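Structural characterization, general
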Amino acid sequence: MGYGMDGLWARARRRLGRNRGARAGLVIVGTLAVAALLAPVLAPQPPGRMDLDRVLLPPGPGHPLGTDYFGRDMLSRLIYGARVSLTVGVVAQSLSATVGVTLGLVAGYCGGWTDLVIMRLVELMLCFPDLLLAVGLTVALGPGPYTLFLALGLVGWPGMARLVRGEALALRDREFLEAARATGTGPVRVLWGHLFPNCLSPVIIAVTGGMAACIMAEASLSFLGLGAQPPTPSWGSMLNLGRPYLHLAPHLVIFPGLAIALAVFGFNLLGDGLRDALDPRRSDFPG
Amino acid sequence: MPGKRRQVAVSGEEPRGDVLVEVKDLKKWFPVTGGVFGRLVGHVKAVDGVSFYIKPGETLGLVGESGCGKTTTGRVILRLLEPTEGAVYFEGANIFDLNREQMRRLRRQMQIVFQDPYSSLNPRMTVGDIVGEALEIHGVARGRSKEKRVRELLDVVGLNPQHIRRYPHEFSGGQRQRIGVARALALNPKLIICDEPVSALDVSIQSQILNLLEDLQAEFNLTYLFIAHNLSVVKHISDRVGVMYLGQVVELGGAEELFANPLHPYTEALLSAIPLPDPELKRDRIILEGDVPSPLNPPSGCHFHTRCRWVQPICRDENPPFVDVGDEHFVACHLRKTREKQ
């Protein structure tokens, strides 16, 4: 692409800066990303170091967020847990977005038999409850980070494909696509250069919303013992480990829960902000 | 369709030498399916045997009411749709015999300006990218030289070259149509198909765009196929005019000649419907009875016989031939001779 895309992104950056909600989302997601990247530097202790003299301590000096049943520092474990959660979100969403957008564009633009086959496949996938499918896959392939990526990625793509197909279907008869074909633009470029940018807004919302959903799903799977395996800390498995001590040491559940909520909230805010910022039809001025 | 070659049945002799485009017995039928199993129940005969030619540097107007197949004809000539039957010769070569790569190269020679300036420009692309994309795809220019050429084109169509980085929504309808014209001009085509280019515009803007098209034609020696339903516009801009009814061209002739001396009863009725600017003037309007029959099941014989006031038994049985009555004035009517004598 030429200067158009540069213009689009430069403009998007400017507008993103002006939108308060998006700014907050960006700060939250950015903070979590930095925490995940710099975990070894930021964490006060290695996440696995146990201290059986100081178990189930409430938040206080030395351990700002307290300690768990093994005397491990909760703050350190939360910081390391961000790695698992964010990686799962990003990788699984990239996977489902790539597959979903490609199939959706092809189905919506080509129509006919192609559309029929792809959409029946999508419906087949949608018949399974998301979490059950993910659980089934994890059990079948054995728990582990790659299984998690694959399971959550496979759960996500049919929804994305359906969304993109709907957009493509609404746009396929627009004359600008015909104009592109009349100038000799090849089908790949028509799909990705002309059709895709016009489907971008809902895809961005779906991807950022999907990130939030992935973080939740990862937490659920980890809570069930099917996600990150001990001793790797993840927010979901921390919740799971803290559950028996809910009355004795509620901070074991509260802080991982807050971390999950914060991440989900941040991604949702960012998604809404990006949608507004990427739409060139919206005016540069708020209101 | 990758590499799909279509053998077309062509009636008649070799293509004419002195024309830019020749359309021969072109048909485009859209299949209609019904029921659970998508059974074929019939065809919409959008274009049903159309023949005409366009000479270099002239404007051929194509008029007819909505649904008569004008737009489909334009799309098939550009091979945006594949024909059911027939041939289109561009500079002597049948475009339906070309492979994918040959067709891609030929697209430099023929371009289109669309009716709706709102849906014909990609809202996510800047004017620079919309107009310049063709240059990039055909390897004519990229980077700085592309930008320079786009600025020139914007200037030629009467837009401010500094607006190259703007998006389509920042322009008015007339300006957007100018962007569409600039895009069509980018590759220096020989033929531009104007598909109702002014129908969506305000009357005051219409004349601006028409003048622009005429100026460009003179400057770049362009050939236009001008599709429209506004008779005054067509009369103004065209050298020759073809009248379409239900997928067929019923009459074709020089603009002056056709408007002064219509031979087909449908053309007569159409011309009598042009509003006169003087409210005092009265004239005999020919009111056509009924509606246009469905193209799904067009009438036998002459397609117009269900509404023709001169209808004879022969009209129901035989499709009239499209014959030259002299001076390149063609008409498809059985009664042309008998009525002349009256």
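Whatever comes next refers back to the structure up there.
What counts, and at which threshold
- Residues numbered from 1 in each chain as written.
- Chains lettered and ligands numbered in written order.
- Predicted model: local features only at pLDDT ≥ 70, side-chain atom pairs only at ≥ 80, totals over all residues.
- Pairing = 2+ DSSP bridges.
- Helix = DSSP H or I, 4+ residues; strand = E, 2+ residues; numbered from the N terminus.
- Contact = placed C-beta atoms within 7 Å.
- Nonpolar A, V, L, I, M, F, W, Y, C, P; charged D, E, K, R; others polar.
- Axes fitted to C-alpha atoms, helices over the stretch in contact; angles between N-to-C directions.
- Core = buried A, V, L, I, M, F, W, Y, C linked by C-beta atoms within 7 Å.
- Buried ≥ 20, exposed ≤ 12 C-beta atoms within 10 Å, placed from the backbone.
- Parallel < 35°, antiparallel > 145°, perpendicular 65-115°, else oblique.
- Left-handed = near helix turned anticlockwise from the far one by under 90°.

Further remarks concern the sheet that holds strand E11 (residues 323-324) of chain B. Residue and element names in this part refer to chain B. With respect to topology, eight strands assemble into an open sheet ordered E6-E7-E8-E3-E9-E10-E12-E11, the strand pairing being mixed. The open sheet has two edge strands with one neighbour each: strand E6 (110-113) and E11. Sheet analysis places E11 next to strand E12 (residues 330-331), joined by two bridges and oriented antiparallel. Residue pairing for E12: Asp324 is matched across the bridge by Phe330.

Here we come to the interface of chain B and chain A. Every contact between the two is made by 27 residues of chain B and, on the other side, 19 residues of chain A. When residues of the side of chain B that touches chain A are traced back to their parent elements, those giving at least two are E6 and helix H3 (127-137) of chain B. With six residues, the top contributor of residues to the side of chain B that touches chain A is H3(B). Split into classes, the residues belonging to the side of chain B that touches chain A amount to ten nonpolar, nine polar and eight charged.

All names here are of chain B. Across twelve bridges, the pairing between strand E1 (residues 21-34) and strand E2 (residues 39-54) is antiparallel. When the bridges of E2 are listed, Lys27 appears paired with Asp48. Turn length for the E1-E2 hairpin, with the two strands adjacent in sequence and antiparallel, is four residues, and the turn residue Gly35 shows positive phi of about 80°.

Residues and elements named next belong to chain B. Sheet architecture is open: four strands sit in the order E2-E1-E4-E5, paired in antiparallel fashion. Each edge of the sheet is formed by a strand with only one pairing partner; in this case those strands are E2 and strand E5 (93-94). Of the strand pairs in this sheet, E1 and strand E4 (residues 85-90) are connected by five bridges, and their pairing is antiparallel. Across the sheet, the residue bridging to Glu22 is Tyr89, located in E4. With respect to the sheet, helix H1 (residues 70-77) is in contact with E1, E2 and E4, its orientation differing from that of E1 by roughly 110°.

The next thing to look at is the environment of A:Thr114. Residue and element names in this part refer to chain A. Here Thr114 lies in helix H5 (residues 112-126). In the structure, Thr114 is positioned 98 residues away from Ala212 in sequence and 31 Å away in space, judged by C-alpha atoms. Those residues in contact with Thr114, other than ones at most four positions away along the chain, are Val106 and Ala107.

This paragraph deals with the nonpolar core. Among the nonpolar cores identified, the biggest contains 155 residues, and A:Leu152, B:Val88, B:Leu225 and B:Phe226 are the most heavily contacted of them. Top element by residues in this core is helix H9 (residues 187-223) of chain A. It accounts for 16 residues. Sequence-distant contacts of B:Phe226, defined by excluding residues within four places in its chain, comprise B:Thr59, B:Leu60, B:Gly61, B:Leu62, B:Cys194, B:Val234, B:Ile237 and B:Ser238.

For the rest of this paragraph, the subject is the packing of helix H6 (residues 130-141) of chain A against H9(A). Residue and element names in this part refer to chain A. Between H6 and H9, the least distance of the axes is 11 Å, while the angle of their chain directions is 55°. As the angle between them shows, H6 and H9 are arranged oblique. Crossing geometry of H6 relative to H9 is assigned as right-handed. Listed contacts from H9 to Leu131, Ala134 and Thr138 of H6 are Ala217, Ser220 and Leu221. Here the residues of the contact of H6 with H9 are counted per class, giving four nonpolar, two polar and no charged.

This part takes up the packing of helix H4 (residues 74-110) of chain A against helix H11 (residues 251-278) of chain A. All names here are of chain A. Orientation of H4 relative to H11, taken along the N-to-C sense of each, is 35°, at an axis distance of 11 Å. With respect to the hand of their crossing, H4 and H11 are arranged in right-handed fashion. On the side of H4, the interface is formed by Met74, Leu78, Gly81 and Ser85, while H11 contributes His251, Phe255, Pro256, Ala259 and Ala263. The residue inventory of the contact of H4 with H11, partitioned by class, reads six nonpolar, three polar and no charged.

As a further point, take unusual backbone geometry. All names here are of chain B. For Arg79, which is not a glycine, the phi torsion comes out positive at approximately 60°. Residue position: Arg79 is located in the loop between H1 and E4. Judged by the 20 C-beta atoms lying within 10 Å of it, Arg79 falls in the buried class. Even without glycine at this site, Asn188 takes up a positive phi of about 55°. With respect to the helices and strands, Asn188 occurs in the loop between helix H5 (173-185) and strand E7 (191-195). Here Asn188 falls in the exposed class, since 12 other C-beta atoms lie within 10 Å of it.

So yeah, pure geometry; function would need other evidence.
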